[in-house]
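Residues per chain, in single letters:
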Amino acid sequence: MKPNKRIALGFSSSAFSLLQRIKTRGHAEIIALTPGAVSQIDIRSEEILIDRPEKLFQRFWGPDTTFIVIGAIGAVIRIIAPLLTEKTKDPAVLVMDSRAKNIVPILGGHKAGAEELACHLSEDFGAQSIFTGFSRTENFLSIDSFGDTWGWKRSGSIADWNNLMMHISKKLSISFEQNVGSTLWNSSEGALNLFSKKSNTENNSLNTPLFHICSEALNKCCWHPPMLWVGIGCEKNTSESLIERSLTKAFAEAGLAKEAIAGLATIDIKSNEIGIKSLQLKAELPIRFYTAEELAKVSVPNPSKIVQLEVDTHSVAEASSLLAAGKGGSLKFPKHIYKSLENEIGAVTIAISQSKEPFAPQRGELHLIGTGPGEISFLTNDSRYALSRSAIWIGYKRYLDLIEPLRRFDQVRIDSSLTNEKERCSEALRLATQGVCVALISSGDSGIYGMAGLALELWLAKTKAERPDFQVHPGISALQVAASKIGAPLMHDFCAISLSDCLTPWGQIEERIKAASDSDFVIAFYNPRSKERSWQLQKALNILMTNRSRKTPVVFAYQVGRSEEEVKVYTLESVPIDRVNMLTVLLVGNSDSFVNDGYVVTPRGY
């Protein structure tokens, strides 16, 4: 087993069920159990047994490991105490009870991510997180860790970061300078709380600590959005060590931070160059290949006749870095050539360009979330978990307002108007492609008249290398809630039809209504009536009454799951059309549906 793992460890047999849930939900790759935890339990091959828990901690101890322990805090502290070094070298350690009622991050709260993971676990399992760290208890943005969910990387000495965090803990003022990357983070409540605090002492610009958001290497507290594209040209079979050494030297000479690298770029004939491929895999960076024809069209400051003769283009490093940086990109470091040393082969040319926006889809996440009808109790734990992971929430303002109590102080919301669906999806995807974890929010289920389909189409239009992680989280649809409020009208076959002809021609909608009526489906009508579309509902009801009894029950469900909720039963001939609007769902029974004591039932024949 390799490091860089999340490990869940149980001390007793009561922990086994929770350990399996933790692994199934993807919170840990390894389940570890002590012999006492597995008495009378069949152990599967992917789980490991340990005779002494301290051996597991010793084996994986380091900043790239997270331990989730099911057991007593005291026992965990006694085990890990001899292993503690310093915060940049220690792992994240969280402790949970076997019933997942409480979660306590006890080590690696900020940089190692223990507090963030505790938030995610608490939403996923319905638990309570217990925090004692200053930033979280004061609702201050955690300056030393917040950039992770924005797709950024950190640099700076331990001493400088410790000094900055100490300054914050004393409630003294700090400031920042930013010249690249999204500024949305600064609109979060946590940032506003932090930067609105006035110093308790006489501070001036000389002794107020700064942190920077930049692409430069400043030897200070810095967050680096992925902005830099490295163009590489090299002779055939150039040594891997020479390419790596040249990259490091180029960044040092340019005064730029390697943490700000977005990706690599070169000519397509180098796609099998072992040294470049090795560098790309080791650094886990995207790489873009361009044809000689594409490169030849780029104007560069240092064209080369020699390169032109060799590969049919006047530039590889500068041209490929500029192409990768895209529209609005600029050359930050013109090409430099680096020669081989002893035991090395070849030569390398490096150029560096900066893009207008960050690019790190491999770090980004786009979560399509259905909030249900609006009442938070209808929100699934899976959706709450996705919301907890996301640095940005994007959605129609009304839907965001309904779940606002769940938004943490370190999360940003972007409100959108109801009709700007494509713009909303495009913005969410753009931010996720930058490396940000984004929640795109619909009411009900995002895959039922929500944003999932449009967002997925836009996502699929990108190349695989440009796609952030994409996940759809199911929600409870309005038709389900409406049915639950009035009995069991959806017990047999049913369908949903939107009466909005804004995106679908009315002729097509009419054909669907006729087919559903002929097939005797229970029908849920969405978007039944608006100010601009006042006649379609009556037309739909008339179609149904041609072969369905006028006394067929119709459930009128308005604002279900919200404070203004109203659910009543009418018939096809008595539906109060003037009271129907876009916040209403209608459930039309089939030929067997009936009403009894105010409940609607569609029997299935059990």
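Coordinates for the structure precede this section.
First things first, this report covers the structure right here in the doc.

Rules used throughout
Residues numbered from 1 in each chain as written. Predicted model: local features only at pLDDT ≥ 70, side-chain atom pairs only at ≥ 80, totals over all residues. Heavy atoms only, no water. Buried < 20%, exposed > 50% of the residue type's maximum accessible area, 1.4 Å probe, protein only. Helix = DSSP H or I, 4+ residues; strand = E, 2+ residues; numbered from the N terminus. Arc of directions from axis to C-beta. Salt bridge = Lys/Arg side-chain N within 4 Å of Asp/Glu carboxyl O. Contact = heavy atoms within 4.5 Å. Pairing = 2+ DSSP bridges. Right-handed = clockwise from strand over helix to strand, strands pointing away. Polar contact = N/O pair within 3.5 Å; in protein donor to acceptor, adjacent residues only side chain to side chain.

**Considerations on helix 1 (residues 16–24)**
Taken residue by residue, helix 1 has Phe 16, Leu 18, Leu 19 and Ile 22 as its buried positions. Looking straight down helix 1, one finds its buried side chains confined to an arc of 160 degrees; they lie on one side. Following helix 1 by one or two positions, Gly 26 adopts a phi angle in the positive range, close to 85 degrees.

**Considering the pattern of salt bridges**
For the structure on display, the rule yields 30 salt bridges. Put simply, Arg 384 and Glu 123 hold a salt bridge, and the shortest N to O gap is 2.8 Å. Taken as a pair, Arg 384 in helix 13 (residues 381–389) and Glu 123 in helix 4 (residues 114–125) lie far apart in primary sequence, 261 residues in all. Of the charged contacts, one joins Lys 332 and Glu 216 as a salt bridge, the two residues approaching to 3.6 Å between their closest N and O atoms. With a gap of 116 residues between them, Lys 332 in strand 15 (residues 330–339) and Glu 216 in the loop between strand 10 (210–213) and strand 11 (222–224) connect regions that are remote in the sequence. Each member of the salt-bridge network shares a partner with another, and the members are Lys 397, Asp 401, Glu 404, Arg 407, Arg 413 and Asp 415.

**Considering the environment of Asn 381**
Among the secondary structure elements, Asn 381 is positioned in helix 13. Classification of Asn 381 by relative accessible area gives partly exposed; the value is 34%. C-alpha of Asn 381 to C-alpha of Phe 125: the two residues are 256 residues apart in sequence and 6.8 Å apart in space. The contact partners of Asn 381, leaving out residues within four places of it in the chain, are Glu 123, Asp 124, Phe 125 and Gly 126.

**Quick word on the pairing of strand 13 (residues 261–267)**
By the criterion of burial, strand 13 is predominantly enclosed, with 7 of the 7 residues buried. Taken together, the 4 bridges between strand 12 (residues 228–234) and strand 13 define a ladder with parallel strand orientation. Each bridged residue has a counterpart across the sheet, and for Leu 228 the counterpart in strand 13 is Ile 261. Pairing analysis gives 4 bridges linking strand 13 to strand 14 (residues 287–290), with the strands arranged parallel. The residue bridging Thr 266 from the neighbouring strand is Phe 289, located in strand 14. Where the polypeptide runs from strand 13 across helix 9 (residues 274–283) and back to strand 14, its parallel neighbour, the crossover connection is right-handed.

**Thoughts on the side chain of Arg 136**
Structurally, Arg 136 can be placed in helix 5 (residues 134–137). The class of Arg 136 is buried, set by a relative accessible area of 10%. One polar contact links Arg 136 to Glu 115, side chain to side chain, over a distance of 3.0 Å. Excluding residues within four positions of it along the chain, Arg 136 makes contact with Glu 115, Glu 116, Cys 119, Phe 131, Arg 408 and Phe 409.

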